[in-house]
Structures are given as structure tokens and as C-alpha cells.
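Topology and contacts: notes
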Amino acid sequence: MQKQDLINNNPLRALSPAGELQSVGRVSLVMARAGVGKTAILVQIALDKMLRGKNILHVSIGQSLDKTKVWYDDIFNSIVEGKKLENMVSIREDMIRHRMIMTFNAETFSVPKLEERLRDLVDQNIFRPDCLLVDGFDCAKTSAEELSDMRDLMASMEMNIWISARSHRDDDRVSNSGVPAPCHELDSLFDTVILLEPKPEEKSIALNVIKDTASAGEPGKILNLDPATLMLKA
Amino acid sequence: MKKKDLEMFRNIGISAHIDSGKTTLTERILFYTQRIHAIHEVRGKDGVGATMDSMELEKERGITIQSAATYCNWKGYDINIIDTPGHVDFTIEVERALRVLDGAVLILCSVGGVQSQSITVTRQMTRYNVPRIAFINKCDRTGANPYRVAKQIREKLGMNAVMMQIPIGLEGDMEGVVDLVTMKAIYFDGDNGEIMREEEIPEHLRDEADERREELLDNASMFSDELLEAILEGEPTVEMINDAVRRGTIALEMAPVFIGSAYKNKGVQPLLNAVANYLPSPLDIKNIALDLDNDEQEVVLSSNEEDPLVSLAFKLEDGRYGQLTYVRNYQGSLKKGDTIINSRTGKKVKVGRLVRMHSDEMEEIAESGAGDIVALFGIDCASGDTFTAKQINYSMSSMHVPAAVISLAIIPVDNKAQNNMSKALNRFTKEDPTFRSFVDHETNETIISGMGELHLEVYIERMKREYDAEVEVGAPQVAYRETITRRAEFNYTHKKQSGGSGQFGRVGGYMEPLEEGEYEFVDKIVGGSIPREFISSCDKGFSKSMAKGALAGFPVTGIRCVINDGASHAVDSSDVAFQLASVGAFKEGYLKAGPVLMEPIMKVAVEGPSEFQGGIMGSLNQRRGIIVGTLEENDYTAVESEVPLSEMFGYSTVLRSLTQGKAEFTMEFASYRQVPKSVSEEIIEEVRKKEKEKK
């Protein structure tokens with residue numbers, strides 16, 4: 001199998017915001033309860049972009065560097081498993097060049113700090129990401145101003161950003177468009193919102209697009225994750 | 001040794017990041033166990049230096065290179081301490097020492113916390129299943145925060161760190177510790193803190209102590225139902241807690257944390273108690289050997305003194321009286337006058353002198369039992385050899401030895417130096433399998449190779465000091481390799497029919513990249529176009545060609561050669577003819593197969609204050625480094641990157657000036673990777689130029 005087949009066959013192709021490469025400045029949100037697969041879905045989005053030659057900056061809050069790397073290795077292995085990919089070693093090596101990981105402990109992370117680090121990378125020409133993935137974002141700690149600054153920054157630097165945040169079982173507040181707490185108040189600042197919802201009776205996890213400003217058609221398009229491997233199902 | 005005595009035995013390592021006070025702690029342990037009678041500081045003003053760093057060089061640099069074994073006795077427990085080096089360039093030493101340990105004390109600095117070297121060492125210890133207790137040292141220093149370090153042990157090392165003590169005061173005010181098992185305050189009196197005084201816990205620490213004890217009991221009760229019941233019913237005894245903590249530690253499920261300041265003589269004796277209470281005896285550890293007479297089947301060793309001897313030579317040292325071999329006995333006993341077998345060479349060896357080592361001094365003994373660590377005199381062997389009794393043929397599993405990544409030429413300044421240099425090299429290569437030496441037949445230069453710049457520097461220094469061998473040193477050379485990137489066909493005829501007996505052979509087939517492994521030969525000849533007896537000649541011809549690639553003369557790796565066609569001549573075909581035909585075929589295929597240069601890539605971790613993060617990343621980026629990731633915690637940053645070794649020369653100076661000396665880095669070999677085209681062209685040009693100069 002060729003690299004291009006891997007890209008074309010990716011179930012993410014069915015999802016317009018993740019499939020979008022051209023537009024910039026988009027802020028997307030993945031929400032779920034603990035352990036449902038937020039990191040897994042972010043890593044799958046990231047790997048897809050890396051395969052297509054885009055640079056991604058993975059910002060991990062509260063997870064170690066080694067653990068984050070293991071996520072990437074495991075998911076890449078699941079993607080290529082049984083596919084007889086040609087030149088696998090060189091594709092893998094090449095992909096690593098398109099990725100950088102930043103880890104913060106929860107107390108150290110803040111939006112202004114991320115901005116400072118990002119400018120450092122770009123100004124010094126060390127690494128220029130096309131897409132940011134922020135895993136473990138705390139919406140409750142972030143003000144609307146900060147997030148809106150982030151939006152402007154993404155637009156000015158021509159980047160996209162994916163954010164994952166955890167929702168809580170015992171907090172059932174939701175925004176008008178259905179974004180659960182603690183991100184409900186920041187609702188209007190997101191272009192795309194995806195909820196991961198376990199469906200035990202169907203033995204799968206639904207990827208529920210509840211908001212998508214880019215797609216002309218139907219929000220509510222649903223993909224599924226395999227609950228055992230947390231891999232997207234075609 | 002009797003089983004009963006073995007229970008009172010501890011073989012422990014002391015392992016840590018450089019500068020976290022390992023040597024000072026060892027020094028204090030030897031003082032309190034009365035093996036030495038005065039305390040010297042590392043780099044002390046008295047010029048004597050700490051006792052454990054036995055090599056002069058170590059004394060001068062203030063670092064510990066060799067893992068000397070030292071014996072001491074604490075409250076009836078026999079303790080062997082294996083001092084392990086703290087620098088990544090010497091990891092083979094660390095790994096070898098870890099093999100013979102039953103447990104370890106991991107020292108961490110209360111200010112610096114868990115640093116990259118601690119992470120490396122911990123990973124190695126986990127690989128060898130070494131139970132650990134942690135000692136948070138330097139609590140007298142400004143900025144000391146043992147709680148933060150304990151948290152880092154949990155987060156960064158993934159160990160279940162449980163505080164066994166809390167400090168009474170920190171930094172300059174550190175007075176002692178509260179023992180959470182006995183719930184007593186301990187103070188250290190006397191000139192050298194040798195008198196332990198127990199008091200009630202100070203009022204202001206009561207609540208904190210209660211809370212931390214609660215945590216300790218929660219954790220410990222996981223390992224003992226008896227303790228769990230006792231906690232529910234009321235007051236558990238000290239013995240119950242100790243027993244549970246010991247079980248948790250030996251199962252590697254728990255890492256008890258102790259605190260103190262070795263330099264200020266605080267907390268060392270409780271640590272020694274902990275070694276006795278919580279670390280395993282040789283009886284608690286399962287050791288495995290390979291039975292060489294039985295297809296390397298795994299055999300569990302018994303720790304029984306009546307069983308046949310199995311003993312591992314883990315360390316050689318050149319003493320004043322000849323070669324000193326440190327051995328760890330796993331089974332059986334070793335007596336003066338015994339005849340033992342070196343299972344690698346099959347040679348019989350007679351045990352002459354048997355000694356117990358205390359750094360530079362030694363004590364003659366007549367016998368040592370299973371589980372003990374002793375040294376033998378005048379025995380010729382290499383490090384890693386296994387000795388056994390006559391009736392068995394076991395080998396302790398072989399240790400993984402990584403390939404060298406750097407080499408340099410050394411030229412003795414005169415004849416005397418030449419002789420001494422050979423002696424020194426002979427010794428070093430025996431001591432350290434990652435250190436190699438050979439003579440380059442083209443230049444007639446002696447080349448040494450190893451795991452890093454510092455690794456080679458240390459041996460060059462030792463040559464001068466210990467062997468009086470003054471050498472000139474060439475520029476370090478990176479060990480490049482060549483490989484191919486695509487499949488290519490070959491079909492080569494070797495023919496020589498001018499006078500004498502002729503030579504004829506034709507070899508046809510293809511070569512292709514091999515993803516794992518160095519070289520593979522596949523015979524797909526059908527119908528005997530190459531006669532059976534010459535197939536191995538082809539194999540020989542190809543593998544010979546691997547030694548020197550046609551691109552720039554570096555060794556070739558990662559190639560599968562497949563032969564599927566050929567021709568022979570009834571009279572003129574011979575072994576030599578087919579070897580030469582294969583050499584020709586290899587060359588023909590090789591140049592068509594997209595040969596490329598490969599270079600060693602190092603995993604480089606830099607740590608320092610966050611304000612320098614940008615600068616650090618920039619410096620790595622300039623060196624063709626890929627930033628793998630960063631880690632940021634409060635004001636502290638670690639950057640992990642992969643950088644070609646060739647770009648790392650002199651990096652320590654650059655880093656120092658970039659960060660005002662506040663950052664440090666460690667480096668270890670990661671993998672071989674293709675050299676970018678532009679760089680590769682430069683290297684090839686350089687090689688060609690040198691060859692021209694030679695002619």
C-alpha cells in the first residue's frame with residue numbers, strides 16, 4: 001500500500017472540518033468524559049495532517065512527553081496494521097519531522113504562555129506548525145478574552161487549532177448549540193464542536209458533530225470509534 | 001553461607017544524577033558503619049578526597065567513574081555497596097553494576113529533583129527489576145522542597161513514592177526528621193551527627209505528620225492484610241508496617257522516600273535502617289542463568305551454598321598487585337584453592353587470593369558464599385564472564401552491548417608510550433565492552449571507539465595517569481555507515497585466463513534493503529547453475545564487500561543479497577573465483593541501489609530554567625536537531641531532541657555560555673539515520689580529499 005492510499009482511506013475524510021486543509025484560523029473543540037478517547041481522536045487528526053506533510057504542534061497538559069509519544073506510536077501502528085505499507089520506516093521517520101510535542105503541568109499552562117512559546121518557535125525559525133492540538137484544556141480556567149486572543153493569533157499566524165476538554169458527569173449545563181460545561185460559555189468561539197458519546201449497546205463511541213461552521217450541509221454527521229482500540233471506524 | 005545469614009545480606013547500589021551527592025552519602029555510610037574513621041569531602045580541602053572514588057582522575061573531576069564495590073556492616077547486616085557512575089557516557093558500567101544488585105538507593109537532589117539522568121537510570125533499574133528506595137538529599141540547600149521531589153518521582157519516574165519521613169525544618173533550619181513509622185522526631189547530635197536522639201514530634205508538625213502517616217498506611221496496607229486489619233482495629237505495630245513496606249518495595253510496587261542531608265550529617269542512619277528493613281536480601285531475588293549444555297535453557301539459581309558454584313565477573317580493575325576481578329556469587333560457595341571454570345573460554349582457573357574490598361583497602365578472606373560480592377586476584381578473564389563449578393556449564397545471560405558511535409586516532413609520542421599504550425588498551429577493552437580499539441591498516445594508526453566524547457576522553461586521561469602513556473589525539477570521527485535505498489540487479493562474470501590456472505565464475509541476482517539486521521544472504525539458485533560447493537564462496541564474497549562501501553569507504557549495513565543465477569566452468573571455477581565474482585557483483589549492484597550515508601543520531605536532553613527555553617531550542621535547531629518535545633514545569637524546562645552526533649562536538653561550551661552555566665545536557669545513542677544530501681556530499685568530498693593526500 002502507498003502512503004497516498006492511507007490518506008485517502010482515512011475515515012476522517014468523511015468529516016469536513018478535519019478534512020479541510022485550506023482554511024486557517026479555525027478553532028475546533030473535542031469534548032468527552034474522561035477515558036472516552038479525546039487524546040486518541042486528536043492524535044488521529046494529527047497523524048493524518050503529518051502524513052499530508054503538515055507540521056503539527058501537540059500541546060499536552062498534564063501528560064508526560066513519553067506517554068504522548070507512545071500515543072502516537074500506538075495509533076500509527078494501529079493505522080498501518082495489516083496494510084503492508086511500502087517504505088514504512090522512511091514514512092515514519094519523515095513524519096516525526098512534522099511533529100513537535102510540548103508538555104506542561106496543569107499549573108504551568110496558560111494561554112499567554114503558549115502564545116509566548118509559539119512565537120519563540122516561529123520567530124527563531126525552529127518549527128512552524130500548521131496546526132495546534134491542545135490536549136487537556138481547562139475551559140473553566142480560561143476566559144473568553146484569552147480564547148478570543150487565541151483565535152486572533154491563529155488567524156494571524158495562519159494556523160488551525162484543535163482543543164480537547166473534559167466534560168463532567170455531574171454537571172449538566174449545556175449551551176444553546178449543545179456544548180456541555182465547562183466550555184458552554186465559550187460556545188461562540190468555536191468553529192467546530194465534536195462530542196464523543198459512548199454507545200454501549202452498539203459497542204461503539206459516536207463522534208457527534210454538533211456544530212460546524214465550515215460545512216454547508218448537515219451538522220450531526222456521525223463517525224464511530226471502536227471502543228477497544230479507540231480507532232475511527234470507516 | 002547459611003540461609004539465615006543470607007537474610008542479613010544486602011547488595012545495594014547507590015545511583016543518582018551527577019552532583020546529587022552520591023559520593024558524599026557513601027562516605028557518610030562508611031563512616032557510620034565504622035569502615036573509615038574520618039570524613040573527607042569530595043574535592044576536599046585536605047586533598048585526600050572521598051574514599052569511594054578510587055581513581056585519581058575521579059578525584060580530580062569530582063565524579064565517580066568506576067563502580068568499586070565496598071563492604072560494610074550495619075547492625076549485623078552485611079552490606080555490599082556498588083557505587084555506580086552518574087554519567088550517561090558510562091551506562092554500560094551502570095548496567096553491568098545493576099545486574100549484580102539486589103536493591104538500590106536512588107538519590108535525588110531536593111532542589112534539582114528528578115533530572116534526565118535519574119530517568120535513564122530508573123529505566124535501566126526497571127529493566128533489571130531492581131527494587132529501590134529513594135533518598136532526597138541536600139535538604140539543607142536553599143530552595144529545598146522534598147515534597148515536590150516526591151511528586152516528581154511519582155510523575156516523571158512513574159514510581160509509587162511514599163514519604164516515610166517528614167523534615168523538621170528545611171534549608172538552613174533543617175534539624176532532623178520525623179519518622180512516620182515510629183512517630184518520633186529524630187535529631188542528629190555530635191560533631192559528625194553520629195548520635196541519634198529520639199524526641200516527641202514538635203507540636204507544629206503534629207498535624208502534618210498524622211496526615212502523611214495516614215498516606216503511608218494507606219499505601220502499605222495494600223501489601224499486607226494483617227496490617228489492614230490492624231489499622232481497622234486500632235494501632236498497627238512498627239513490625240507490621242515495616243513488613244508491609246518491605247513487601248511493596250520488593251514487588252517494585254512502592255518506593256519508600258527518605259530525606260536528609262548527607263553533607264550536614266542528617267538522615268543517613270535512618271537510611272541505613274531502611275536498607276536493612278526494606279531492600280531485598282539475595283534470597284528475595286530470583287536469578288536466572290543459561291544452561292550452555294542444554295540449548296541455553298533458563299535455569300533458576302538456588303542461593304544454596306551446597307549447590308555448584310555460579311559466579312559472575314562484573315568488574316575488572318588494575319590494582320597494585322595485578323588484575324582484580326569483582327565477582328558476584330549467585331549459587332554455591334567460592335573457596336581459596338578451588339578450581340573453577342570460565343564458561344566462556346572453558347578454561348580451568350585456580351582461586352588464589354580472595355578478598356573483600358573496601359575501596360582502596362582490602363581484607364583477605366578464605367571463603368565466600370552465595371549472594372556475596374568479593375574480589376579475586378590474579379585471574380585472567382573479561383568482564384561479564386561467568387565462573388562455575390566443574391559439574392555445570394551455565395552462563396549468566398549475556399548483556400546487550402551497543403555499537404560504538406564515535407572513534408578517534410591516538411598516536412603515542414615515543415616508544416615507551418607505545419608499549420604502555422598497548423598495555424592500557426588491552427586492559428581497558430577487557431574492562432569495558434563498549435570501548436574498542438584496533439589498528440587501521442591503511443593509515444597504521446591506532447583507533448579507539450566508544451559511546452561518546454567523554455567516554456573516550458576518560459580513557460585517554462587514564463592512559464596518561466595510570467600507564468604513563470602520553471598520546472596525541474586526532475579529531476573525533478563519527479562512525480558513519482552506508483546502506484542502500486532500493487533493489488538493484490547484478491550479473492557479474494569474473495574471468496581470468498591469462499597464464500596458469502584460470503578463474504571463472506558468474507554470479508547473478510539482486511540486492512535489496514533489509515529493514516532489520518545488518519546482512520542476509522539468500523540462495524535461490526535452482527538447477528545448479530552455481531555448484532553447491534561454491535554457494536558459501538558467494539556468501540563470503542558479499543559479506544567481505546560489506547566492510548567497505550563504494551560510496552565513501554564506510555562499513556555497509558542493512559543489505560539482503562539474493563543469488564538466483566550464475567555459471568561455472570568445470571576446470572577454472574574455484575572458491576576464489578566465486579568470491580571475486582561476488583565482490584564484483586556486489587559493486588555492480590551497490591552503485592545502482594541508491595547507496596546513502598547513515599549517521600548516528602543522539603538523543604539529547606537539555607534541562608534548565610525556562611527563560612532559556614528559546615535559546616536552547618535554537619541551539620539544537622542549528623545543529624540539525626529535531627526537537628521531539630519540551631516539558632515545562634513551573635520555572636524549569638527540559639527539551640528533548642534528536643541531533644546528529646557530528647554536530648554535537650563542543651556543545652557543552654556553547655550551552656554553558658548560552659545559559660550562564662545554568663543548563664546541562666545528557667546524550668545517548670538513539671539510532672542510525674540517513675544523512676541529508678548536502679551534508680552527505682561534503683562528507684564524501686572530504687573522504688576523497690584525504691585519500692588523495694595519502695597517495
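Residues numbered from 1 in each chain as written. Chains lettered and ligands numbered in written order. Predicted model: local features only at pLDDT ≥ 70, side-chain atom pairs only at ≥ 80, totals over all residues. Heavy atoms only, no water.

Thoughts on the overall build of chain A
In terms of regular secondary structure, chain A is built from seven helices and nine strands. Counting across all 234 residues of chain A, residues that qualify as buried make up 52%. For chain A, the exposed surface amounts to about 10500 Å²; the carbon and sulfur share of it is 47%. (Helix = DSSP H or I, 4+ residues; strand = E, 2+ residues; numbered from the N terminus. Buried < 20%, exposed > 50% of the residue type's maximum accessible area, 1.4 Å probe, protein only. Areas by Shrake-Rupley, 256 points an atom, 1.4 Å probe, with all protein chains shown as cover.)

Regarding the overall build of chain B
Tallying secondary structure elements over chain B gives 17 helices and 38 strands in all. Of the contacts made within chain B by residues no fewer than 6 positions apart, 71% connect residues no fewer than 24 positions apart. Accessible surface computed for chain B: about 29400 Å², of which carbon and sulfur atoms make up 47%. (Contact = heavy atoms within 4.5 Å.)

Points about the interface of chain B and chain A
In this complex, chain B contributes 20 residues to the contact, which on the side of chain A involves 23 residues. A combined buried area of about 1900 Å² lies between chain B and chain A, and 47% of that area is made up of carbon and sulfur atoms. When the buried area of chain B at its contact with chain A is split by residue, Val628, Thr630 and Glu632 of chain B rank highest and sum to 27% of it. Inspection of the chain B/chain A interface yields four salt bridges. The closest approach of N and O atoms between glutamate 632 of chain B and lysine 113 of chain A, which form a salt bridge, is 3.4 Å. Here chain B and chain A share 11 residue pairs in polar contact (both at pLDDT 80 or more) between them. Elements with a minimum of two residues in the side of chain B that touches chain A: helix 15 (613-622) and strand 36 (626-633) of chain B. A per-element tally of the side of chain B that touches chain A places strand 36 of chain B first, with eight residues. Among the residues making up the side of chain B that touches chain A, the classes are represented as five nonpolar, nine polar and six charged. As defined by bridge partners, strand 3 (residues 99-104) of chain A adjoins strand 36 of chain B across four bridges and the pair is classed as parallel. Looking at the pairing, threonine 103 of chain A lines up with leucine 631 of chain B of strand 36 of chain B. (Buried area = accessible area lost by both parts, 1.4 Å probe. Salt bridge = Lys/Arg side-chain N within 4 Å of Asp/Glu carboxyl O. Polar contact = N/O pair within 3.5 Å; in protein donor to acceptor, adjacent residues only side chain to side chain. Nonpolar A, V, L, I, M, F, W, Y, C, P; charged D, E, K, R; others polar. Pairing = 2+ DSSP bridges.)

Quick notes on helix 15 of chain B
A turn of α-helix holds 3.6 residues, and therefore any two residues three or four places apart point the same way. Along helix 15 of chain B, seven of the 10 residues are buried, which leaves the element largely enclosed by surrounding structure. By the burial criterion, the buried members of helix 15 of chain B are Gln613, Gly614, Ile616, Met617, Gly618, Ser619 and Leu620 of chain B. At its buried positions, helix 15 of chain B is contacted by strand 3 and helix 6 (111-123) of chain A together with strand 35 (595-609), strand 36, strand 37 (636-644) and helix 16 (651-658) of chain B. Arginine 624 of chain B sits one or two positions beyond helix 15 of chain B and adopts a positive phi of about 60 degrees.

Quick word on helix 2 (residues 22-32) of chain B
A large share of helix 2 of chain B lies buried, amounting to 11 of its 11 residues. If you check which residues of helix 2 of chain B are buried, you get Lys22, Thr23, Thr24, Leu25, Thr26, Glu27, Arg28, Ile29, Leu30, Phe31 and Tyr32 of chain B.

Thoughts on the state of the cysteines
Residues and elements named next belong to chain A. Applying the stated rule across the entire model yields one disulfide over all chains. A disulfide bridge connects cysteine 139 with cysteine 183, and the sulfur atoms are separated by 2.1 Å. On the S-S bond that ties cysteine 139 to cysteine 183, the torsion sits near 85 degrees, and the link is right-handed. Here cysteine 139, found in the loop between strand 4 (131-137) and helix 7 (144-157), pairs with cysteine 183, found in the loop between strand 5 (160-166) and strand 6 (192-199); they are 44 residues apart in sequence, far enough to count as distant. On the basis of relative accessibility, which here comes to 0%, the residue cysteine 183 falls in the buried class. (Disulfide = S-S within 2.5 Å.)

Quick look at the confidence of the model for chain A
Confidence in the prediction of chain A, expressed as mean pLDDT, is 83, and 92% of residues score 70 or more. Mean pLDDT in chain A bottoms out at helix 2 (residues 16-19) of chain A, which sits at 49, and peaks at strand 2 (residues 56-61) of chain A, which reaches 94. (pLDDT = per-residue confidence, 0-100.)

Overview of the pattern of salt bridges
Under the definition given, this model contains 32 salt bridges over all chains. Note that arginine 117 of chain A and glutamate 632 of chain B form a salt bridge whose closest N and O atoms lie 2.8 Å from each other. Note that arginine 117 of chain A is positioned in helix 6 and glutamate 632 of chain B in strand 36, a pairing that runs across two chains. Glutamate 632 of chain B matches arginine 117 of chain A in its accessibility class, with the two residues each being buried. The residue arginine 506 of chain B makes a salt bridge to aspartate 565 of chain B at a minimum N-O spacing of 3.4 Å. One end of the pair, arginine 506 of chain B, is in strand 32 (residues 503-513); the other, aspartate 565 of chain B, is in strand 34 (residues 559-567), with 59 residues separating them in the sequence. Taken together, the shared-partner salt bridges connect Lys113, Glu116 and Arg117 of chain A together with Glu632 of chain B into one network.

Quick look at a negative patch on the surface
Taken together, the side chains of Glu203, Asp207, Asp210, Glu211, Glu214 and Asp218 of chain B make up a negatively charged region of the molecular surface. Its location among the elements puts aspartate 207 of chain B in helix 7 (residues 206-220). (Patch = residues over 30% accessible without salt bridge, like charges linked within 9 Å, V, L, I, M, F, W, Y side chains within 5 Å. Lys, Arg positive; Asp, Glu negative; His and termini not counted. Charge placed at Lys NZ, Arg CZ, Asp CG, Glu CD.)

Some details on empty space enclosed by the protein
The probe, sized like a water molecule, is rolled over the atoms to show the empty space still left. Residues and elements named next belong to chain B. Applying the stated rule across the entire model yields three cavities of 30 Å³ or more. What the second largest cavity holds in volume is close to 40 Å³. Contributions of two or more residues to the lining of the second largest cavity are made by strand 2 (69-74), strand 19 (354-358) and strand 22 (373-377). Residues that form the lining of the second largest cavity fall into these classes: eight nonpolar, two polar and one charged. (1 Å grid on protein atoms, 1.4 Å probe; cavity = no way out; pocket = protein on both sides within 12 Å on 5 of 7 lines; lining within 4 Å. Points joined across faces, edges and corners; volume = space filled by probe spheres on them.)

Topic: the sheet that holds strand 9 (residues 184-189) of chain B
All names here are of chain B. Spatially, four strands are ordered 7-8-9-10 in an open sheet, and the strand pairing comes out antiparallel. The open sheet terminates on both sides in strands that have one partner only, identified here as strand 7 (165-168) and strand 10 (195-199). Neighbour to neighbour, the strand axes of the sheet diverge by 30 degrees on average, direction disregarded. Of the pairings in the sheet, the one linking strand 9 to strand 10 comprises five bridges and is antiparallel in character. Bridging from a neighbouring strand, phenylalanine 188 pairs with methionine 196 of strand 10. (Axes fitted to C-alpha atoms, helices over the stretch in contact; angles between N-to-C directions.)

Overview of the layout of surface pockets
Residues and elements named next belong to chain B. There is about 1500 Å³ of room inside the second largest pocket. Secondary structure elements with two or more residues in the lining of the second largest pocket: strand 25 (406-412), strand 26 (436-440), strand 27 (445-450), strand 29 (477-478) and helix 17 (677-694). Looking at the lining of the second largest pocket, the element that brings in the most residues is helix 17, giving eight residues.

What to know about the pairing of strand 6 of chain A
Residues and elements named next belong to chain A. Sheet analysis places strand 1 (residues 27-32) next to strand 6, joined by four bridges and oriented parallel. In the sheet register, valine 30 faces strand 6, and the bridge partner there is isoleucine 194. Where strand 6 lies against strand 7 (residues 204-212), eight bridges are found, and the strand directions are antiparallel. Looking across to strand 7, one finds that leucine 196 is bridged to leucine 207. What sits between strand 6 and strand 7 in their antiparallel hairpin is a turn of four residues, with lysine 203 showing a positive phi close to 50 degrees.

Quick look at the packing of helix 2 of chain B against helix 10 (residues 268-278) of chain B
Residues and elements named next belong to chain B. The geometry of helix 2 relative to helix 10 is characterised by a closest axis approach of 10 Å and an angle of 80 degrees between their N-to-C directions. On the basis of their axis angle, the class for helix 2 and helix 10 is roughly perpendicular. Where helix 2 approaches helix 10, its residues Leu25, Arg28, Ile29 and Tyr32 are matched on the opposing element by Val268, Gln269, Leu271 and Leu272. Residues belonging to the contact of helix 2 with helix 10 are distributed by class as follows: six nonpolar, one polar and one charged. (Parallel < 35°, antiparallel > 145°, perpendicular 65-115°, else oblique.)

Some words on the packing of aromatic side chains
By the definition in use, this model includes 16 aromatic pairs over all chains. Ring plane angle 80 degrees and centroid distance 6.3 Å describe the contact between phenylalanine 109 of chain A and phenylalanine 137 of chain A, whose orientation is recorded as edge-to-face. Of this pair, phenylalanine 109 of chain A sits in the loop between strand 3 and helix 6 while phenylalanine 137 of chain A sits in strand 4; the two residues are 28 residues apart in sequence, bridging distant segments of the chain. Of the two residues examined, phenylalanine 109 of chain A and phenylalanine 137 of chain A, each falls in the buried class. Between tyrosine 651 of chain B and phenylalanine 665 of chain B, the aromatic rings sit 5.1 Å apart at their centres with planes inclined by 80 degrees, giving edge-to-face as the arrangement. Placement of the pair is tyrosine 651 of chain B in helix 16 and phenylalanine 665 of chain B in strand 38 (residues 664-674), with a sequence separation of 14 residues. According to the relative accessible area criterion, phenylalanine 665 of chain B is partly exposed, its value standing at 23%. Three or more aromatic residues link up through ring pairs in this structure, and these residues are Phe490, Phe521, Phe542, Phe586 and Tyr590 of chain B. Above the face of the tyrosine 71 of chain B ring, arginine 356 of chain B is positioned so that its terminal group lies 4.4 Å from the ring centre. (Phe/Tyr/Trp six-rings, centres within 6.5 Å; stacked < 30°, edge-to-face > 60°. Lys NZ or Arg CZ within 6 Å of the ring centre and 35° of its normal.)

Digging into the side chain of lysine 266 of chain B
Residue and element names in this part refer to chain B. Relative to the elements of secondary structure, lysine 266 occurs in the loop between strand 11 (255-259) and helix 10. Put simply, lysine 266 is tucked away with no salt bridge, and the nearest opposite charge, on aspartate 189, sits 7.2 Å away. Ignoring any residue separated from it by four or fewer positions in sequence, one finds lysine 266 in contact with Phe135, Met174, Glu175, Gly176, Phe188, Gly260 and Ser261.

Observations concerning the sheet that holds strand 34 of chain B
Residues and elements named next belong to chain B. Pairing in this open sheet of four strands is mixed, and the strands run 31-32-34-33 from one edge to the other. Lying at the two open borders of the sheet, with one neighbouring strand each, are strand 31 (488-496) and strand 33 (519-523). Sheet twist, expressed as the average angle between the axes of neighbouring strands with direction ignored, equals 25 degrees. In the sheet, strand 33 pairs with strand 34 via five bridges, with the strands oriented parallel. Its bridge partner lying in strand 34, valine 522 is registered against valine 562. Here helix 13 (residues 535-545) sits on the sheet in contact with strand 31, strand 32, strand 33 and strand 34, set at roughly 155 degrees to strand 33. Each of strand 31, strand 32 and strand 34 touches helix 14 (residues 575-592); the most contacted strand, strand 31, lies at about 145 degrees to it.

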